[in-house]
Structure formats: structure tokens, C-alpha cells
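Here is how the chains run, residue by residue.
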Amino acid sequence: MKWYDLAQSIIAGDACTAEEAQQILNVPDDETLDLVCGAYQLRKYYFGMNMKLNLIINAKSGRCAENCGYCSQSIYADTSIKEYPLVSEEIIVNGAKQAYENQIGTYCIVMSGRKAAPREIRAVCSAVEKIKETMPTMKICACLGLINEEQAKALKKAGVDRFNHNLNTSASHYNQIATTHHYQDRVDTIEAVKKANISPCSGIICGMGETNEDIIDMAFALRKLDADSIPVNFLNPIPGTELENMHELTPNRCLKILALFRFMNPTKEIRIAGGREVNLRSSQNLGLYIANSIFIGDYLTTEGQSKSKDYQMIEDLGFAIEAKTVETKI
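Residues numbered from 1 in each chain as written. Predicted model: local features only at pLDDT ≥ 70, side-chain atom pairs only at ≥ 80, totals over all residues. Heavy atoms only, no water.

Novice: Mind laying out the environment of Arg 262, listing which residues take part and the relevant values?
Specialist: Its place among the elements puts Arg 262 in helix H9 (residues 251-264). The buried category is assigned to Arg 262, whose relative accessible area is 0%. The spatial distance from the C-alpha of Arg 262 to the C-alpha of Ile 91 is 35 Å, given a sequence separation of 171 residues. If near-sequence neighbours (up to four positions away) are discounted, Arg 262 is found in contact with Ala 39, Leu 42, Arg 43, Phe 47, Lys 268, Ile 270, Ile 290, Ala 291 and Asn 292. (Helix = DSSP H or I, 4+ residues; strand = E, 2+ residues; numbered from the N terminus. Buried < 20%, exposed > 50% of the residue type's maximum accessible area, 1.4 Å probe, protein only. Contact = heavy atoms within 4.5 Å.)

Right, here's the structure in full:
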């Protein structure tokens, strides 16, 4: 397969097929760079040299009743993470100010738990309104668990630009990862977000025992959902979680997965998310030739690479941090 030719055919209007997706994931390691170069043609065509930056605030931590096997915030996990209720409005707003000062385009307000209580929805809405008053170009992404269309409309009215709810894995593999809720619950949440005219953000976690077919199913599912932003997480196995001993990924495997999602969803924001540092390692820079978005700083309960190293990596590769005034597609 000539990956440059595949990229050009996709630019011309063709779609990546299931057969081509299999070929991408089965590329020999010594041909990974050729695949990256092909994916870069799509990244450059649709996004140029722009890099989108995102920052997470873990606004409510721990004590989640869901049994997701990867998550350190689950009550089923034996971890020593910090647990606290929803932080104050002041803390959320101040976090947005710090993000703005650090050239972060999207500020992500994340809460643990199955779904937010009505008072928590109101509190987040109030904080978002305050942020938008002084930083109208700051994009706000909320990640509050399962929500319905009415709650999504309230968030939209307050100024939330984007809502994240990851599929995480394929429908057929889902019961191996979580059983206290269902795959369809996640799909329904994304559909509710879209009906409220909020930009849908939904992604995956790889390295959880899934097959190539599962990964391809996820790529097709996100294409069907028309998610504007697709965070690609790589499992960071946390001691005390069900998946603590799962170590399946290599840097080349991660690059092939990123390339698959670029070829399958060429016009979408592909973000290298959690687990970037521990799984891509010294190949992080190659990942940026495929993805056009990364998280800066720490994740929910794990540390990220230092901000200075991320900014230096972006500069060294010749990418430009996307201006905060560029509007998110709704």
C-alpha cells in the first residue's frame, strides 16, 4: 500500500475502507514511518501546521460508582488518589485564566461519576458564564458523564462549546471493560449533545485487550457519530485498577492507531490524549505529524509531560499553536 496515494484519494473524496484499515494496523514496524508520512498528508491538507492545545481541570475527583476497569477514580479500584466534591466556581474560573495565559485554546471541565447532579450542572453553567464574560474566545469543553438533551441545552446556553463523552472501546468489547453502564448509554449522550448544537467530542482508549477489529469498529462508530474531536487515549495502567497489569502497547503500535484514526476521520480533530508520554515515549514527536491536538499538563489522576517540553516539541517541529480566536466547528 502506498500511503501517500491513499491520502490523496481520500482528499479527492474517497473514504478509507475496512480492508485498508486492517492494512494500516498490520503495517510492519519497519514501514511505520511511511505510514506516518501518508497520514501527515491529510493532517497538513486539512489543518496545515496548526496545533490545538487543551487543558484539563479535574473538577470533581473519585468515588465514582461505575466499574470501568481502567479508571483510578472508580470505587472498585484500590488507589490512593485525591477525592473531593465539585470544586468552587472560583477555582474553575481561575483555571480558565491560567489556560488562557498559556495559549490553551480549549479548557476541559471534567467531573467523575456516572452523571452530574442538577446542582452540579447549575454550578458548572455559572462558572462557564463567568469565564465567557472575560474570555469569550476561550472554548469550553464539559465532561460530566451521562446527560440528557435538556441538560445539554442548559450547558449550551451557558456557553459550553463542546461536550466530551468517550466511547472508550467497541460495542463488542465493552462488557470486558465496564458492566455498570452500557455502550449505548455513551452513544445516547453524544446524540443528546448534538441535538443541543454542542460540538461532540468522543474518543477511545487503546491497550485494553481489544483486537484490531475492535479498533476499526471504534473508528467507524466515531465516523458515524460525526464527532468533531476524537481524543485517542493509550492505556496508562494504574496500580490498583483492574487493568493494572495490561501492557500491550508499543510506540509503533500507537502510531499505527493514530494513523488509522486520521485516515478514517481525516477532517476531524485527532488529539493525542492520556497515556501519550508513557506509550509513545521518544516517538511523541512523530505522533504530532498525525494528530493536530494534544493535552498540555497533567491528566485527571496521572502526570503529563512538563509544559515546557511540550511547547518546545511543538516549536522544534515547526508547528504553530492555533490562535484562540479560531472558532470551533459546531
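So, next bit.
Novice: Give me the lowdown on the pairing of strand E7 (residues 229-234), citing residues and values where you can.
Specialist: With respect to burial, E7 is a largely interior element, six of its six residues being buried. Burial along E7 is two-sided: Ser 229, Pro 231 and Asn 233 and Ile 230, Val 232 and Phe 234, pointing in opposite directions, are all buried. Sheet topology note: the strand E6 (residues 204-206)/E7 ladder contains three bridges and is parallel. Looking across to E7, one finds that Ile 205 is bridged to Asn 233. In this fold, E6 hands off to helix H8 (residues 212-225), which returns the chain to E7; that crossover is right-handed. Regarding topology, H9 serves as the crossover connection from E7 to the parallel strand E8 (residues 269-272), and that connection is right-handed. (Pairing = 2+ DSSP bridges. Right-handed = clockwise from strand over helix to strand, strands pointing away.)

Novice: Can you break down the packing of H8 against H9 residue by residue, with the values?
Specialist: The contact between H8 and H9 brings their axes to 10 Å, and the two run at 30°. Taken together, the axes of H8 and H9 are roughly parallel relative to one another. When you trace H8 past H9, the crossing you get is right-handed. Taken together, the residues of H9 that come into contact with H8 (itself represented by Asn 212, Ile 215, Ile 216, Met 218, Ala 219, Phe 220, Leu 222 and Arg 223) are Arg 253, Ile 257, Leu 260, Phe 261 and Met 264. When its residues are assigned to classes, the contact of H8 with H9 shows 10 nonpolar, one polar and two charged. (Axes fitted to C-alpha atoms, helices over the stretch in contact; angles between N-to-C directions. Parallel < 35°, antiparallel > 145°, perpendicular 65-115°, else oblique. Left-handed = near helix turned anticlockwise from the far one by under 90°. Nonpolar A, V, L, I, M, F, W, Y, C, P; charged D, E, K, R; others polar.)

Novice: For the environment of Phe 220, give the residues involved together with the corresponding values.
Specialist: Counting through the fold element by element, Phe 220 comes out in helix H8. Each C-alpha atom, one on Phe 220 and one on Cys 16, is 9.7 Å from the other, the two residues being 204 residues apart in sequence.

Novice: Tell me about helix H6 (residues 149-158), and please be specific about residues and values.
Specialist: For H6, every residue scored as buried is listed here: Gln 151, Ala 152, Leu 155 and Ala 158. One side of H6 carries all its buried residues, which in axial view fall inside an arc of 120°. Opposite the buried face of H6, at more than 90 degrees from it, the exposed residues are Glu 150 and Lys 157. Buried residues in H6 make contact with helix H5 (118-134), strand E4 (162-164) and helix H7 (183-195). A distance of 3.2 Å separates the backbone nitrogen of Glu 150 from a side-chain oxygen at the start of H6, and that oxygen is part of Asn 148. (Arc of directions from axis to C-beta. Polar contact = N/O pair within 3.5 Å; in protein donor to acceptor, adjacent residues only side chain to side chain.)

Novice: Before we move on, could you go through unusual backbone geometry and cite the residues and values that matter?
Specialist: Phi at Gln 103 takes a positive value of approximately 65°, unusual for a residue other than glycine. For Gln 103, the location among the structural elements is in the loop between helix H4 (89-101) and strand E2 (106-111). The phi dihedral of Arg 281 is positive, around 50°, even though this residue is not glycine. Relative to the assigned elements, Arg 281 resides in the loop between helix H10 (276-279) and helix H11 (284-287). In this structure Arg 281 comes out as partly exposed when scored by relative accessible area, which is 44%.

Any functional reading would require information beyond the geometric quantities listed.
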